[in-house]
Structure formats: structure tokens, C-alpha cells
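Results of the structural survey
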Amino acid sequence: MTRTSTADTADTADTADTADTAATAETGQGGSGTWRTRIRRAARAFSRPEPWKRGPLLAAVALLLGLLLLLHARIPNRIGGIGSLVESLLPWFGLVVPVLLAAALRRRSASAVVALLLPVAVWLNLFGGLLIDKSHSGGDLTVVSHNVGAENPDPSGTARDLAASGADLLALEEITPQARGAYEKELAKTYPHHTVQGTVGLWSKLPLSDTRPVDTRQDVGPLGDTKPADVKLASNRALRTTVATDQGPLAVYVAHLGSVRVMPRSGFWTESRDRNAQALAEAVAAERNERVVLLGDLNGTTDDRAFAGITSRLHSVQDAAGDGFGFSWPAKFPVARIDQILVRGVEPASAWTLPATGSDHLPVAAGISW
């Protein structure tokens, strides 16, 4: 049997006491010593050349990501519309940052960590403002826009949900001839004034005047030129009207721009949408009313260069007074805000999305003030 002497025990106790005292002195109150120790260790590690030599590929990818975010407007559209595609998904490139950061820390690459400062700074400059809730109470007028969906199985239910939103102005896009009657019937009690021009319509609690379709050059070429006016009106996708408010006239545009497609051979196809956007921009540029609201499904985000002619004259209520990105499509898992409310001459008070209906889009709403 092994015996432990009293002296040995005392020595062990003295050693433990000394270690505990040293640890206590090092950690101090609140563990500040431990943090100082960690900082010193990190500084010593980063002062060595090895961490700076590790992960050159990670550092290069981080820099490329930063340059893509910084110079996205210079990405050419000539090859498969890649520029517009990148800009449509621009906020999501921020998700690459934590992936690269985790890889850099695992690799213990100081160069990659420092390189990540570029994409972080650029992303925050582009979208950091959307992380803050800028909405506030009030608003003289509530406006709602909704692509109700041609395949909507319950137009009557959708109409009731939208009427319950409290909107003063309600814009609908993608109205089919079959569903039009259901919308008009369900919304008649809440909205005494309305107009439908082809596949778009506006329901209003306030009087409307000077209503007309807007030519967004949906039908082009020899075949389009031969179409009778009534046939063109049936497929019309934009309108303009004047709403009589207590503060004076308000010009309201409702639009549904052409669809976009990702094609295996041609890439991101946006031809009809871009043509529609240019025509709509010309109509807005010619608008004499100082107060303008544009409601609609533009089939693109406001970051997309295709809307420069519109966004140079109107600004997004979501950017000015929203909470978050306000993604609206697809309804089951929204990844982009392609349904827009843009204004000029009025003050955005708030912006939000409404609960899903039978459509594949979410309704978007905003409160505006004079």
C-alpha cells in the first residue's frame, strides 16, 4: 500500500493554493484577465506569418464577392442577362459571408478574415438600412397592391381578405375575365369607385377621374399593329387614373410588366419586361401631377437596372419606411420583392406585406402621408 506523508499533502495544497491565487489574479473581477489573455494570444497568433499565408483561395473568393457587390452595375447584360439576374438576387449574396467566415476561422486564415471586411462593408452599405424598422404610425392613405394570380382558386375569398385590410386604394393585377365578376361583386360594398382596364384594376374609396389605359408596348411588330383596339384593351396591363383626395389630385398608376424566365440556352430572358419598363418610365416622366403612386407587379426588384428610368423618378416605400426586405414572391417562400409601391410627392409612413391569399404572390401595402 502507498502511504502519503503529511508533508507531501501540505506541499500539494500549497501548490494548488498558489495556482488558484494566480488564476484568480489573472481572471480578476468578471474574467477581464481571461479576455486580456485571449486577446494577447490572438495578437501573437496574427503577428506570425503563418496565418497570413493560409487560405489564399478563401481570401480571393472574399475579395471577388466584395467586388461583385460593389460593381454589380458593371456586370454586362449582353450574355444571358446575367447583370439583371445578379441584381435580382443581390441581397442573398450576403449569405456567402458567414460561410466564408466559418471556413476562414477553421483554416485559421488571417488574410481571409481581413478580406471579408470588403463584402461586409459593401453589403451593409447597400442593404443595412433594410435591417432597421423605419415605419411609424399614421398615414393619410393606405394603399395595397396584389397580383391576384390567374390560377387563383378562390377569387371571392381573396377579395374579402383584401377588403378587410383597410386599404383606401386597392390595385389588382392579373385579373382574368372569369374572375373579374367575383372581384367586382365582393369589393363593391367597400369601394364605391373602381376601374378595370384589361387585366389590371383599381378599387377606391375616393372618386376617380381621367382614367385611361397605359400603352406599355405589350404588342409590338407587324402582328401587334394589326390587332384591333378592343383586342389590345382586353390584354392591357397598365392604367393611369386620378384619385380625388382632400389634399388635391393624386395620380395613380397600376402596372403588370412582362414575365421573366431563366432559359437553359439564352439565360435570364427579360425582353418583354424591359420593354414594358421603358414604356412605363416614359409615361411616368410625362406625368404632370406632382403626386404620383405606382402600384404593381413589376416582375423585378428595384435593384435591377431595367427599372432605372422608373426609380430615378419614384422611390420605394419599402426602402423608405419598411421593416426588412418585404419579399413578396413566391408566396410560400418569398425570395424577392417584385411587387412594388413607388411614390413621388408624398411621404411614405410605413410598408408591409399582407398574409397570403390564393395567389402565388403576397399582397404589399403602404401608408402614405401628404
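Preceding this paragraph is the structure being described.
So, here is what we can say about the structure in this document. (Residues numbered from 1 in each chain as written. Predicted model: local features only at pLDDT ≥ 70, side-chain atom pairs only at ≥ 80, totals over all residues. Heavy atoms only, no water.)

1. What to know about the packing of aromatic side chains
Taken as a whole, this structure holds 5 aromatic pairs when the rule is applied. Ring centres of Trp 123 and Phe 127 lie 5.6 Å apart, and the angle between their planes is 55°; on these two criteria the pair is classed as tilted. One end of the pair, Trp 123, and the other, Phe 127, are both in helix H8 (residues 117–127), 4 residues apart, so they sit about a helical turn from each other. By the burial criterion, Trp 123 is buried, and Phe 127 matches it. Members of the aromatic cluster, connected to one another through ring pairs, are Trp 92, Trp 123, Phe 127, Phe 325 and Phe 327. (Phe/Tyr/Trp six-rings, centres within 6.5 Å; stacked < 30°, edge-to-face > 60°. Helix = DSSP H or I, 4+ residues; strand = E, 2+ residues; numbered from the N terminus. Buried < 20%, exposed > 50% of the residue type's maximum accessible area, 1.4 Å probe, protein only.)

2. Re the sheet that holds strand E5 (residues 208–213)
Reading across from one edge, E5-E6-E7-E10-E12-E11 is the order of the 6 strands in this open sheet, with mixed pairing throughout. Edge positions in the sheet fall to E5 and strand E11 (315–316), since each of these pairs with one other strand and no more. Pairing of E5 with strand E6 (residues 238–245) involves 4 bridges; the strand directions are antiparallel. Within E6, the residue paired with Leu 208 across the bridge is Val 243. (Pairing = 2+ DSSP bridges.)

3. Quick notes on unusual backbone geometry
A cis geometry characterises the amide bond from Trp 329 onward to Pro 330, with omega recorded as -15°. Mapped onto the secondary structure, Pro 330 falls in the loop between helix H15 (317–321) and strand E12 (339–344). In this model, Arg 108 sits at a positive phi of 55°, which is unusual for a non-glycine residue. With respect to the helices and strands, the residue Arg 108 is situated in the loop between helix H6 (96–107) and helix H7 (110–115). Among the residues examined, Arg 108 registers a relative accessible area of 64% and is labelled exposed. At Arg 217, a residue that is not glycine, the phi angle is positive and equals roughly 55°. As for its placement among the helices and strands, Arg 217 is situated in the loop between E5 and helix H11 (221–225).

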